[in-house]
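Letter by letter, the chains look like this.
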Amino acid sequence: WHATANSSSSSSSKSSLLPTPVSPAWYDPESKSWYSQEDFSGLSKKEKESLFSCVMYCQYAPTGRARCRRCGEDIQKGELRLGYPYRWRQADDCYTLYLHPECYESSVFGIKEKDLRKKIYGYEALNNTERARLWKEMRSEGRMAKANKEGANATAEYSSGSVGVDTKSLPEVPVPKDMAVPMLPFQKEGLAWMCQQEESSVRGGILADEMGMGKTIQAISLLLARPVKGPALVVCPMAAVNQWMKEIEKFTKKGTLKTLVYHGSEKGRVATQFKKCDVVITTYQTLESDYRREAHKHRVKCKYCGKLFMPEKLTFHQRYFCGPNAEKTKKQQKTAAKKAMQSMGIGNSKASSSTDAPPTITNIYRDFMKQAGVTVKSKGYWNVMKETQERLKGSSSSSSSKGGDDVLSRERLALLDRKELVELCDKKGLDSTGRKPELVDRLMDFAVRGTTSKAEEPVKKVSLAMKLLTSAKAKAKAKTASANKTVGKSSKMKTAEPGKAGKRMPLLLRKGSTAASKYQGVSPLKSSGKWQASYQGKYLGSFDTELKAAKAVRDAAEAAESKGKGKKAAASAASGMACTVASRGAEASGSSSRGKRKREEMEEGGDPYADYETFEGAQLDLTDSPLHTIQWARVILDEAHRIKGRTNSTALAAYALQTQKGYKWCLTGTPLQNRVGELYSLIRFLRVRPYAFYYCKKQGCKCECACFMRDRYCPNCGHVRFMHYSSFKKDVSN
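Conventions and cut-offs
- Residues numbered from 1 in each chain as written.
- Predicted model: local features only at pLDDT ≥ 70, side-chain atom pairs only at ≥ 80, totals over all residues.
- Heavy atoms only, no water.
- Helix = DSSP H or I, 4+ residues; strand = E, 2+ residues; numbered from the N terminus.
- Buried < 20%, exposed > 50% of the residue type's maximum accessible area, 1.4 Å probe, protein only.
- Contact = heavy atoms within 4.5 Å.
- Areas by Shrake-Rupley, 256 points an atom, 1.4 Å probe, with all protein chains shown as cover.
- Pairing = 2+ DSSP bridges.
- Axes fitted to C-alpha atoms, helices over the stretch in contact; angles between N-to-C directions.
- Parallel < 35°, antiparallel > 145°, perpendicular 65-115°, else oblique.
- Left-handed = near helix turned anticlockwise from the far one by under 90°.
- Nonpolar A, V, L, I, M, F, W, Y, C, P; charged D, E, K, R; others polar.
- 1 Å grid on protein atoms, 1.4 Å probe; cavity = no way out; pocket = protein on both sides within 12 Å on 5 of 7 lines; lining within 4 Å.
- Points joined across faces, edges and corners; volume = space filled by probe spheres on them.
- Patch = residues over 30% accessible without salt bridge, like charges linked within 9 Å, V, L, I, M, F, W, Y side chains within 5 Å.
- Salt bridge = Lys/Arg side-chain N within 4 Å of Asp/Glu carboxyl O.
- Phe/Tyr/Trp six-rings, centres within 6.5 Å; stacked < 30°, edge-to-face > 60°.
- Lys NZ or Arg CZ within 6 Å of the ring centre and 35° of its normal.
- Arc of directions from axis to C-beta.
- Expected span 1.5 Å × (residues − 1).
- Polar contact = N/O pair within 3.5 Å; in protein donor to acceptor, adjacent residues only side chain to side chain.

K.L.:
How should I be thinking about the overall build of the protein in this particular structure?
P.N.:
Within the protein, the secondary structure is distributed over 27 helices and 24 strands. A buried classification covers 40% of the 734 residues belonging to the protein. Considering only contacts within the protein whose residues lie at least 6 apart along the sequence, 59% involve residues at least 24 apart. Looking at the protein as shown, the accessible area adds up to about 41700 Å², and 52% of this sits on carbon and sulfur atoms.

What follows is the structure, encoded as structure tokens:
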């Protein structure tokens, strides 16, 4: 970003960069868990004997996902690493933080050579050569010295002015003739930088001048220096609306820019006048209010408690908190039990007797039934209710058997593999196709609704028929896809020939077959059951069928080619490139397949992400919001740190604003207030590649997602969601 005012920073040295380890600590090699002095009191004698008192443990990394807590670099698979216990809060469990042996700090752990066997678990499993190498690396300062040297070089490079953009060397942009006041030299530099940013692939930036340096006048001069057809939107706090009106009137000649304020009770009347003015000024409250009003139309009522939730949050609510199938995780149960015990003054929560457990309805009922000679084996309120109802109906034998091996609960089903779940579905007369979570949900629904009346033999025949039908459909779909690819290749050859432009372009197919849709630019909306279409980062709408969405993408590609955008647009339409707004001006690079992306690729020139297919996520229908239906010439966020919370409704409302050519600006004197993570909201709004997106680690996968997916598998590329990473978190915040 551009900041005119020079600021001096003083570096402060700290004694240690590592979080304080838990001490004393005991390690359980079987469960791979750490226990502190507080946890040790609740264990049995047998469990205590299986623990080892140590400071840390050493092992060869089984995967390459861990990072060193001191230097921040990845710990490669098969590399020797150290792990030590850490607790974030007093009520939380201990977990392991990892280190390179070279990043070990003697001032924190205080391990001497004679104490290696006692204080490092796993040291005895190493041979003599490995032990000597481990102790040598622990005493070395190689990584720290290298980091200090790199820091000193970076400081010297920054002081020399070779890092970033030198605004004084940019070509001078003349002050617009319609400006009524002269601009200061540093403001002219800011105008030249802003013009250069809009000509680049970023199409915007963050103007981070300090307060009183003239961010408003620089933004107004940009509107005059690079006029774009259509109105520009300025979003600012309520207190700054009159300031923008007065400064536009003061700094420009009379009648140059027509302004309109969209705020208050009369905003519905002025919404029809947007295209008749040059600048529309609104507030963050109005922007968020319009977005929230439309978003709340999509909320769904929970059938158990009656509360309204967004579709994606309703699934989470019914899975863990509400309904007969709700089952809290062990961590949620432990947190809730600890809070209840602290409020009611109850002692040990791990006691085996129900008399020492929290006095819930289920526990009280279990105690009364135990006194009556009846053992309640079910766990959870809904399961106990079901067992009681079955007992009252007189089916004591069946209820007792269901309380044993035949009871259906998520805890039991989670321990079964997929083959066992399929056999159980066949036995119950249920559909046995799908992934393991779908089978578990199907069995839990069956447990609540009751048994089926179908016989066992016909069910097996139906299940077999369904399997055959599914395989036949898959083969037919594969043949159709291969035929479409063949037709697509032949049509590409034909469209390249002159005089044959009248033929329709084929539907754009994906290169991979693991995504949710075989067509490029098409993704499902699970909340509404519809399909959304996007082309080159532009949202085309939602459609009832997948085929209609694919045809909309094809129409957009044909329209882009017919407008004569040059060889670049034709090549991107033929190869099915789905680019974001931030990459429209970038040339497609002929780079090969990549695994993990590196920062050097961005510095080599061009845009290595030009041929990546962007998944925008579930899109809300905002057609009734005047601010979100129009294509703005520019969007300027004044005091842009108001959207620093990346998931609040104000930030989401700003993300949903649409522009013609992607010109977006953030004006703020404090882009960072508390932590570097606050910068992500601005980067996400500007759609700066690669830091605003999530990417897949799979070798050769060109998946790009604007938001992290909630499902287990990515709807864009089909890989597991945990194979995706945030480029901002990987390269900036970490």
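K.L.:
What should I look at first to understand the environment of E189 in this one?
P.N.:
Inspection of the secondary structure puts E189 in helix α7 (residues 185-199). With a relative accessible area of 21%, E189 lands in the partly exposed category. Sequence-wise, E189 and V173 are 16 residues apart; in three dimensions their C-alpha atoms are separated by 8.3 Å.

K.L.:
Please explain the sheet that holds strand β3 (residues 52-53) as it appears in this structure.
P.N.:
Adjacent strands of a sheet pair through backbone hydrogen bonds, lying either parallel or antiparallel. With antiparallel pairing, the 3 strands of this open sheet are ordered in space as β2-β1-β3. Edge positions in the sheet fall to β2 (33-35) and β3, since each of these pairs with one other strand and no more. Pairing analysis gives 3 bridges linking strand β1 (residues 26-28) to β2, with the strands arranged antiparallel. Opposite D28, over in β2, you have S33 as the bridge partner.

K.L.:
Just checking my understanding: could you explain the packing of helix α8 (residues 215-225) against helix α9 (residues 241-251) for this structure?
P.N.:
The description of two helices packed together rests on the angle between their axes and the distance between the axes. Their axes nearest at 10 Å, the elements α8 and α9 cross at an angle of 60 degrees. As judged from the angle between their axes, α8 and α9 are oblique. Crossing angle aside, the handedness with which α8 passes α9 is right-handed. Two secondary-structure elements touch here, α8 through T216, I217, A219 and I220 and α9 through Q243, W244, E247, I248 and F251. Residue classes in the contact of α8 with α9 are distributed as 6 nonpolar, 2 polar and 1 charged.

K.L.:
Explain empty space enclosed by the protein here, please?
P.N.:
It is a probe the size of a water molecule, rolled over the atoms, that shows where empty space is left. Applying the stated rule across the entire model yields 4 cavities of 30 Å³ or more. One number sums up the size of the largest cavity: a volume of about 70 Å³. Only β14 (522-525), β15 (530-535) and β17 (613-615) provide two or more residues apiece to the lining of the largest cavity. The dominant element in the lining of the largest cavity, judged by the number of residues it contributes, is β17, at 3 residues.

K.L.:
For this particular structure, what's the right way to read the sheet that holds strand β24 (residues 724-726)?
P.N.:
One open sheet accounts for 4 strands, arranged β17-β23-β22-β24; its pairing is mixed. Edge positions in the sheet fall to β17 and β24, since each has one partner strand and no second. Along the sheet, successive strands turn relative to each other by an average axial angle of 30 degrees, direction set aside. Looking at chain direction, strand β22 (residues 694-696) and β24 are connected through 3 bridges and run antiparallel. Considered in β24, the bridge of C696 is made with H724.

K.L.:
Looking at this model, I keep getting lost on a nonpolar patch on the surface. Mind explaining?
P.N.:
Taken together, the side chains of I361, Y381 and W382 define a hydrophobic patch exposed on the protein surface, amounting to about 360 Å² of accessible area. Checked against the element boundaries, Y381 lands in helix α15 (residues 381-392).

K.L.:
Looking at this model, I keep getting lost on unusual backbone geometry. Mind explaining?
P.N.:
Only a minority of non-glycine residues have a phi that is not negative, and only a minority of peptide bonds are not trans. At the junction of S23 and P24, the peptide bond is cis and its omega measures out at -5 degrees in the coordinates. Position of P24 relative to the elements: it lies in the segment before β1. Looking along the chain, the bond that leaves R689 and enters P690 is cis, with omega of -5 degrees. Its identity as a non-glycine residue notwithstanding, K32 has a phi of 55 degrees, on the positive side. Relative to the helices and strands, K32 resides in the loop between β1 and β2. The phi torsion at E639 lies on the positive side, around 55 degrees, for a residue other than glycine. Considering the arrangement of structural elements, one finds E639 in the loop between β19 (634-638) and α25 (649-655). Accessibility expressed as a relative area gives 28% for E639, which makes it partly exposed.

K.L.:
Help me out: how do you make sense of the packing of aromatic side chains in this one?
P.N.:
Aromatic ring pairs: the centre-centre distance and the angle between the two ring planes describe each pair. This model, assessed by the stated rule, comprises 16 aromatic pairs. Taken together, a centroid distance of 5.6 Å and an interplanar angle of 70 degrees make the contact between W193 and W665 edge-to-face. With W193 in helix α7 and W665 in strand β21 (residues 664-667), the pair connects residues that are 472 residues apart, well separated along the chain. Neither W193 nor W665 differs from the other in exposure class; each is buried. Taken together, the ring pairs in this structure connect Y27, W34, F52, Y57 and Y121 into an aromatic cluster. The side chain of K664 reaches across the aromatic face of F685, ending 5.1 Å from its centre.

K.L.:
For this particular structure, what's the right way to read α9?
P.N.:
Two residues of an α-helix separated by three or four positions point the same way, owing to the 3.6 residues in each turn. Burial in α9 covers these residues: V241, W244, E247, I248 and F251. Buried residues of α9, viewed axially, fall in a sector of 135 degrees; they line one side. Those residues of α9 that are exposed and aimed more than 90 degrees away from the buried face are N242, K246, E249 and K250. Its buried side turned inward, α9 meets α8, β9 (232-236), β10 (259-262), β11 (279-283), β19 and β21.

K.L.:
Looking at this structure, how should I read α7?
P.N.:
Across its 15 residues, α7 extends 22 Å between first and last C-alpha, which sits within 8% of the 21 Å expected from 1.5 Å per residue. Listed as buried for α7 are Q187, G190, L191, A192, W193, M194, C195, Q197 and E198. Each element contacted by the buried residues of α7 is listed here: β8 (204-207), α8, β19 and β21.

K.L.:
Help me understand the pattern of salt bridges in this model?
P.N.:
Two side chains of opposite charge can pair, provided their charged atoms sit close to one another. Applying the stated criterion to the full structure yields 20 salt bridges. Residue D624 is joined to K297 by a salt bridge in which the shortest nitrogen-to-oxygen separation is 3.2 Å. Of the two residues, D624 is situated in the loop between β17 and α24 (626-629) and K297 in the loop between α11 (284-295) and β12 (300-301); the sequence distance between them amounts to 327 residues. Residue classification places D624 among the partly exposed residues on the basis of a relative accessible area of 48%. Members of the salt-bridge network, linked through shared partners, are K267, D290, R293, E294, K297 and D624.

K.L.:
Teacher, can you tell me more about the side chain of R87 here?
P.N.:
If you trace the backbone, R87 turns up in the loop between β5 (80-86) and β6 (95-99). Look at R87 and you get buried, because its relative accessible area is 13%. Of the polar contacts made by the side chain of R87, one reaches the backbone oxygen of D92; its length is 2.8 Å.

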